[in-house]
Amino acid sequence: MKNTLEILNLSKSFDEKKVLDQIQLKVQENEFLTLLGPSGCGKTTLLRILAGFETADEGEVLFNGEDLTRLAPYERPTNTVFQQYALFPHLNVFNNIAFGLKLKKMEKKRIEDKVSAILDLVNLSGYEDRRITSLSGGQQQRVSIARALVNEPKILLLDEPLAALDLKLRKKMQLELKNMQQQVGITFIYVTHDQEEALTMSDEVVVLNEGQIQQIGSPVEIYNEPKNSFVANFVGQSNILPGIMPRDFLVQVDGVALDCVDKGFQANEPVQVVIRPEDVEIDKNKGSFRGRVLSTVFKGIHYEMQLEINGRIWVSQSTKPWPEDMEIYVSIAPDNIHVMKGEDHA
Ligand SMILES: Nc1ncnc2c1ncn2[C@@H]1O[C@H](COP(=O)(O)OP(=O)(O)OP(=O)(O)O)[C@@H](O)[C@H]1O
Ligand SMILES: [Mg+2]
């Protein structure tokens with residue numbers, strides 16, 4: 001496969017503290033891959049190692065089989081968009097974007113053509129002469145993306161590029177960035193701690209915690225089949241309940257047997273059962289579990305209910321509110337039950 005980036009056994013410590021631990025990862029050409037994890041889990045450090053601003057203690061980074069480890073940032077097939085836009089405030093939009101091309105001594109007309117094409121791509125045509133300080137946050141971010149893209153890197157590294165924007169603009173830019181990536185057809189490695197952003201934009205999501213990869217998968221896989229309770233909790237909200245598997249396709253939670261679609265466990269193996277709040281079905285008259293509504297809160301697009309069931313708190317989301325204190329029944333469809341191994345890495 002062309003333009004494949006491979007990260008092999010990569011580790012890094014700061015002051016004896018392991019920040020990245022045996023990272024193994026393969027990124028294919030044209031892929032939109034997101035590194036998702038909480039603050040301090042090592043996302044920026046990994047990105048900086050890929051860009052060549054930081055060196056790993058162990059491991060290799062290969063591009064098309066060639067070791068990048070000893071190459072300087074400018075010799076690598078990567079370009080980086082930082083969280084702080086790092087634009088030149090004294091230069092206008094055109095000169096900010098053209099900066100790298102001028103360093104390469106590209107001919108004037110070609111630079112103009114390229115800058116104009118890239119401004120079109122980021123929806124800033126006509127902004128050539130504007131001062132950076134006169135632009136909004138979203139516009140500045142577009143300039144920094146344009147400045148990285150104009151160099152035609154094989155891989156664009158983006159470190160929380162939308163974090164400083166307000167929610168509405170962030171959502172708009174998420175879609176725009178995804179479109180840009182598809183138009184230019186290059187690999188994006190995107191860092192965020194925002195799970196919704198990761199699920200919206202990515203082909204592949206890598207969930208990191210404390211320097212270790214927890215799971216690699218498509219957004220749907222990560223959301224629907226979390227590998228451990230860290231992923232289940234970090235990506236979306238979850239009910240995580242202890243259970244046992246009496247046999248294939250049957251799981252027992254608090255003494256209640258539930259049909260499920262999972263198999264391959266030992267008889268009566270202890271497991272953890274993940275149920276998304278939106279999959280908790282409440283009914284007045286019938287269901288697998290008996291419970292009570294503790295609280296009901298309106299969240300804008302749905303109501304969130306806390307339920308007490310067999311002495312545990314469950315979270316449920318529904319477009320229909322249920323009155324507080326009401327006795328209710330709860331059911332879960334078999335394919336909305338996700339069974340994980342009982343042992344827990346998180
Ligand atoms: N140059 C450094 N010297 C010492 N410790 C560092 C250095 N850079 C990062 N660290 C530590 O390494 C850990 C990982 O940092 P990193 O910046 O990679 O996290 P992150 O996942 O990007 O977090 P955030 O979401 O807050 O940006 C943190 O504990 C941080 O304090
Ligand atoms: Mg960071």
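See the structure shown above.
Residues numbered from 1 in each chain as written. Chains lettered and ligands numbered in written order. Predicted model: local features only at pLDDT ≥ 70, side-chain atom pairs only at ≥ 80, totals over all residues. Heavy atoms only, no water.

Engineer: Explain helix H2 (residues 93-103) here, please?
Structural biologist: Because each turn of an α-helix spans 3.6 residues, side chains separated by three or four positions end up pointing in the same direction. Those residues of H2 lying buried are Val93, Phe94, Asn96, Ile97, Ala98 and Leu101. Taken together, the buried residues of H2 touch helix H3 (108-121) and helix H4 (137-149). Measuring from the backbone nitrogen of phenylalanine 94 back to the side-chain oxygen at the start of H2 gives 3.3 Å, which picks out asparagine 92 as the cap. The positive-phi residue at the C-terminal boundary of H2 is lysine 105, with phi of around 60°. (Buried < 20%, exposed > 50% of the residue type's maximum accessible area, 1.4 Å probe, protein only. Helix = DSSP H or I, 4+ residues; strand = E, 2+ residues; numbered from the N terminus. Contact = heavy atoms within 4.5 Å. Polar contact = N/O pair within 3.5 Å; in protein donor to acceptor, adjacent residues only side chain to side chain.)

Engineer: Can you help me understand the nonpolar core in this one?
Structural biologist: Most often, soluble globular proteins have nonpolar side chains that are buried together. Membership of the largest hydrophobic core comes to 35 residues, with the highest contact counts inside it found for Ile97, Val115, Val143, Ile145, Leu149, Leu156 and Leu177. Every element with two or more residues in this core is listed here: H2, H3, H4, strand S7 (155-159), helix H5 (167-184) and strand S8 (187-192). Aside from chain neighbours lying at most four places away, what touches isoleucine 97 is Val115, Ile118, Leu119, Val143, Ala146, Arg147 and Val150. (Core = buried A, V, L, I, M, F, W, Y, C linked by side-chain atoms within 4.5 Å.)

Engineer: I'm lost on the site of ligand 1 in this one. Help?
Structural biologist: Residues in contact with ligand 1, as listed here, are Phe14, Lys17, Val19, Pro38, Ser39, Gly40, Cys41, Gly42, Lys43, Thr44, Thr45 and Glu160. Within the backbone of cysteine 41, one N or O atom sits 3.2 Å away from an oxygen atom of ligand 1. Side-chain polar atom of threonine 45 to an oxygen atom of ligand 1: 2.5 Å apart, as the coordinates give it. Isolated, ligand 1 exposes 640 Å² of accessible area, and the fraction of that covered by the protein chains is 61%. Elements represented by at least two residues in the shell around ligand 1 include exactly strand S2 (17-27) and helix H1 (43-51). The greatest single-element share of the shell around ligand 1, amounting to 3 residues, is contributed by H1. Across the shell around ligand 1, the residue classes break down as 4 nonpolar, 5 polar and 3 charged. (Near = heavy atom within 4 Å. Areas by Shrake-Rupley, 256 points an atom, 1.4 Å probe, with all protein chains shown as cover. Nonpolar A, V, L, I, M, F, W, Y, C, P; charged D, E, K, R; others polar.)

Engineer: What is the right way to read unusual backbone geometry from this model?
Structural biologist: Negative phi characterises most residues that are not glycine, and trans characterises most peptide bonds. Of note in the backbone geometry, asparagine 64 takes a positive phi value of approximately 50° without being a glycine. In this fold, asparagine 64 is placed in the loop between strand S4 (58-63) and strand S5 (66-67). Its relative accessible area of 40% is what places asparagine 64 among the partly exposed residues. Notably, glutamate 210 is not glycine yet its phi reads approximately 45°, a positive angle. Of note, glutamate 210 is situated in the loop between strand S9 (204-209) and strand S10 (212-217).

Engineer: I'm lost on the packing of aromatic side chains in this one. Help?
Structural biologist: Pairs of aromatic rings are described using the distance from one ring centre to the other and the angle between the two planes. One pass over the structure, following the stated rule, counts 7 aromatic pairs. On the basis of an interplanar angle of 10° and a centroid distance of 5.5 Å, the ring pair of phenylalanine 230 and phenylalanine 234 is categorised as stacked. Of this pair, phenylalanine 230 and phenylalanine 234 both sit in helix H8 (residues 229-234), 4 residues apart, which is roughly one turn of that helix. Look at phenylalanine 230 and you get buried, because its relative accessible area is 13%. Among the aromatic residues, those joined into a ring-pair cluster are Phe32, Phe188 and Tyr190. The ring of phenylalanine 88 has arginine 147 sitting right over it, with the charged end atom 5.5 Å from the ring centre. (Phe/Tyr/Trp six-rings, centres within 6.5 Å; stacked < 30°, edge-to-face > 60°. Lys NZ or Arg CZ within 6 Å of the ring centre and 35° of its normal.)

Engineer: Would you take a moment to explain the sheet that holds strand S1 (residues 5-14) for this structure?
Structural biologist: Through backbone hydrogen bonds, the strands of a sheet pair up, either in parallel or in antiparallel fashion. With antiparallel pairing, 4 strands are arranged side by side in an open sheet as S2-S1-S4-S5. Single-partner strands in this sheet number two, and they are S2 and S5. With 5 bridges joining them, S1 and S4 adopt antiparallel strand pairing. Residue pairing across strands places serine 11 opposite glutamate 58, the latter belonging to S4. Taken strand by strand, H1 contacts S1, S2 and S4, and its axis lies near 120° from that of S1. (Pairing = 2+ DSSP bridges. Axes fitted to C-alpha atoms, helices over the stretch in contact; angles between N-to-C directions.)

Engineer: I tried to follow the pattern of salt bridges on my own but got confused; where do I start?
Structural biologist: Here the idea is simple: oppositely charged side chains can pair when their charged atoms come close. Applying the stated criterion to the full structure yields 18 salt bridges. For the salt bridge of arginine 48 with glutamate 54, the shortest nitrogen-to-oxygen distance reads 3.7 Å. For arginine 48, a relative accessible area of 32% puts it in the partly exposed group. Between aspartate 113 and lysine 109 there is a salt bridge; the shortest N-O distance is 2.9 Å. One end of the pair, aspartate 113, and the other, lysine 109, are both in helix H3, 4 residues apart, so they sit about a helical turn from each other. (Salt bridge = Lys/Arg side-chain N within 4 Å of Asp/Glu carboxyl O.)

Engineer: Looking at this structure, I do not really get the sheet that holds strand S6 (residues 78-81). What am I missing?
Structural biologist: Sheet architecture is open: 6 strands sit in the order S6-S7-S8-S3-S9-S10, paired in mixed fashion. Each edge of the open sheet is held by one strand with a lone partner, namely S6 and S10. Ignoring which end each strand starts from, the neighbouring axes of this sheet average 20° apart. Where S6 lies against S7, 4 bridges are found, and the strand directions are parallel. Bridging across to S7, valine 81 finds its partner in leucine 158. Along the sheet, H1 contacts strand S3 (32-36), S6, S7, S8 and S9; its crossing angle with S7, the most-contacted strand, is approximately 150°. In the packing of H4 onto the sheet, contacts are made with S6 and S7, and the angle to S6 comes to roughly 175°.

Engineer: Which parts of the structure should I look at to understand the environment of tryptophan 322?
Structural biologist: In this structure, tryptophan 322 sits in the loop between strand S18 (312-318) and strand S19 (327-331). Separated by 38 residues in the primary sequence, tryptophan 322 and lysine 284 have C-alpha atoms spaced 9.4 Å apart. With sequence-adjacent residues up to four places away left out, tryptophan 322 is seen in contact with Ile282, Asp283, Lys284, Val293, Thr296, Met305 and Ile328.

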